Amino acid sequence: MRNQCFLQDTCLLKILLRPLNRLELMADSESEMSNNIHRDFYIPTYILAPGASSNSIRLPDVPTCPVLVFINSNSGGQLGGELLCTFRHLLNKYQVFDLGEEAPDSVLRRLYLNIRRLKSNGDQFAAEIEERMRIIVAGGDGTAGWLLGVVSDLKLSQPPPIATVPLGTGNNLPFAFGWGKKNPGTDLNSVISFLKQVMNAKEMKMDSWHILMRMRPQKGGSCDPIAPLELPHSLHAFHRVSPSDELNVEGFHTFRGGFWNYFSMGMDAQVSYAFHSDRKMNPDKFKNQLVNQSSYLKLGCTQGWFFAPLVHPSSRNIAQLTKVKIMKKQGEWQDLQIPPSVRSIVWLNLPSFSGGLNPRGTPNSNKRQYRDLTPPFVDDGLLEVVGFRDVWHGLVLLAPKGHGTRLAQFPYS
């Protein structure tokens, strides 16, 4: 029995779809701009900070679209820091958070506990803020996944929808929902335009997925998880289950966690983790999106991803290292048949991978009927599974009808 991986749909989260038309709604003067920002987006300090006086600032009406802003100041080279300054200039500084200083789970727990206290005291303004609130997260896919995970874990009765600012390298999550994949402008007008788009954005629901992984202990070694501080934030939900947990299987170590964009295993994941580790050790080397993408490409070369058949033995292919089971029908698990040449598997929740490419492609009508494939949607409860042999196989995605090896499409169990 080899290593195993199981996936299950857990819940639907709300995310914001960017309006089709670009909105350029600028104020005529600085005074008018300030009034409009307060009217539409401002959250009073007494709601954000439990110790603040409720008489400190009173708005005449509840803001149309109160926002909480989370920014990874380390993303996008210097752009994260610049964006932080611009948002704090426009909004209440207490509603704009630097993720390098405070984690989102502590921010949101504190905020919702305070809102609950205010509501119990009859504060209708706080109740309206909670109902209308939206979250903006600026960073890469890992940062966006971090926020989505926190909101999911809080199990809120009214989870706020989330808009994403593309500050990372790939930006697959923002791209899938229309926010683009290029790093944005950080000037005043660009940020105001983005806020207006958030206010007019349509809410969509998105599947979130639970992962269960079982791994055999290495002979003479351990497969204990890497220290949490060394993992990307999007993987912080991964942990060993307790020895008494019914999910444990004798002879295996069991881990579980979640994902929202895609989950990969094999050489692609190896390169991604090498990139994350290098960026953490040498942050000065990763100044902008173009440099980051070049560094990612170089790591692909050094890891042997370009010439995998020559560099890596077939014993390191996915089919030799792990067993994957899928459930096409309720209660009926079946082994996923993985071609022996495949060295990387991607489980897709969104139709965006590696900077906006669609690895599944668009099957023709005959293949859809023969293999029971349906068009993918972010809230359909289905995962698409695609395999790749090496980078050259991945480059076919640049062709109009290019795609990876379609392995499966299956529903949550």
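Naming follows an unreviewed UniProt entry, where the protein appears as Diacylglycerol kinase of Anisodus acutangulus. According to the UniProt record, the Subunit (unreviewed entry) comment for the protein is "Monomer." Per UniProt, the comment on the protein under Sequence similarities (unreviewed entry) is "Belongs to the eukaryotic diacylglycerol kinase family."

> Help me understand the packing of helix H4 (residues 104–120) against helix H5 (residues 124–132) in this model?
Each pair of packed helices can be described by the angle between their axes along with the distance between the axes. Between H4 and H5, the least distance of the axes is 8 Å, while the angle of their chain directions is 140°. In terms of orientation, H4 lies oblique with respect to H5. Judged by the twist between their axes, the crossing of H4 over H5 is left-handed. Contact with H4, carried on its side by Tyr-112, Ile-115, Leu-118 and Lys-119, involves Ala-126, Ala-127 and Glu-130 of H5 and no other residues of that element. In terms of residue class, the contact of H4 with H5 is made up of five nonpolar, no polar and two charged.

> Looking at this structure, I do not really get the environment of Asp-380. What am I missing?
Along the chain, Asp-380 turns up in the loop between helix H13 (365–371) and strand E13 (382–388). Residue classification places Asp-380 among the partly exposed positions, given a relative accessible area of 25%. As for Asp-380 and Asp-207, which are separated by 173 residues in sequence, their C-alpha atoms are 7.4 Å apart. Excluding residues that lie within four positions of it along the chain, Asp-380 makes contacts with Asp-207 and Pro-375.

> Please explain the side chain of Asn-261 as it appears in this structure.
Within the element layout of this structure, Asn-261 appears in the loop between strand E8 (253–259) and strand E9 (262–266). In this structure Asn-261 touches Asp-141, Asn-172, Leu-173, Trp-347, Leu-348, Asn-349, Leu-350 and Ser-352, once residues within four positions along its chain are discounted.

> So what exactly am I meant to see when it comes to the packing of helix H3 (residues 79–90) against helix H8 (residues 188–200) here?
Two elements in contact, H3 and H8, have axes whose closest approach is 10 Å; the angle formed by their N-to-C orientations is 70°. Taken together, the axes of H3 and H8 are roughly perpendicular relative to one another. In the packing of H3 onto H8, the handedness of the crossing is right-handed. Across the interface between the two elements, Leu-83, Thr-86, Phe-87, His-89 and Leu-90 of H3 pack against Leu-188, Val-191, Ile-192 and Leu-195 of H8. For the contact of H3 with H8, the residue count by class is seven nonpolar, two polar and no charged.

> It is not clear to me how the nonpolar core should be interpreted in this structure. Could you clarify?
Across soluble globular proteins, you tend to see nonpolar side chains buried next to one another. Membership of the largest hydrophobic core comes to 61 residues, with the highest contact counts inside it found for Ile-47, Leu-68 and Phe-87. Residues Leu-336, Ile-345, Leu-383 and Phe-410 belong to the second largest nonpolar core, which totals 20 residues.

> Just checking my understanding: could you explain the sheet that holds strand E14 (residues 405–411) for this structure?
Through backbone hydrogen bonds, the strands of a sheet pair up, either in parallel or in antiparallel fashion. One open sheet accounts for four strands, arranged E9-E12-E13-E14; its pairing is antiparallel. Edge positions in the sheet fall to E9 and E14, since each has one partner strand and no second. Geometrically, the sheet is characterised by an average inter-axis angle of 15° between neighbouring strands, direction not taken into account. Bridge count for E13 against E14 is six bridges, and the pairing is antiparallel. Bridge assignment links Val-385 to a residue of E14, and that residue is Ala-408. Together, E9 and strand E12 (344–348) form the strand contacts of helix H9 (residues 267–281), whose direction differs from that of E9 by roughly 105°.

The rules we used
- Residues numbered from 1 in each chain as written.
- Predicted model: local features only at pLDDT ≥ 70, side-chain atom pairs only at ≥ 80, totals over all residues.
- Heavy atoms only, no water.
- UniProt positions renumbered as here; feature names shortened; annotations may be inferred.
- Axes fitted to C-alpha atoms, helices over the stretch in contact; angles between N-to-C directions.
- Helix = DSSP H or I, 4+ residues; strand = E, 2+ residues; numbered from the N terminus.
- Parallel < 35°, antiparallel > 145°, perpendicular 65-115°, else oblique.
- Left-handed = near helix turned anticlockwise from the far one by under 90°.
- Contact = heavy atoms within 4.5 Å.
- Nonpolar A, V, L, I, M, F, W, Y, C, P; charged D, E, K, R; others polar.
- Buried < 20%, exposed > 50% of the residue type's maximum accessible area, 1.4 Å probe, protein only.
- Core = buried A, V, L, I, M, F, W, Y, C linked by side-chain atoms within 4.5 Å.
- Pairing = 2+ DSSP bridges.

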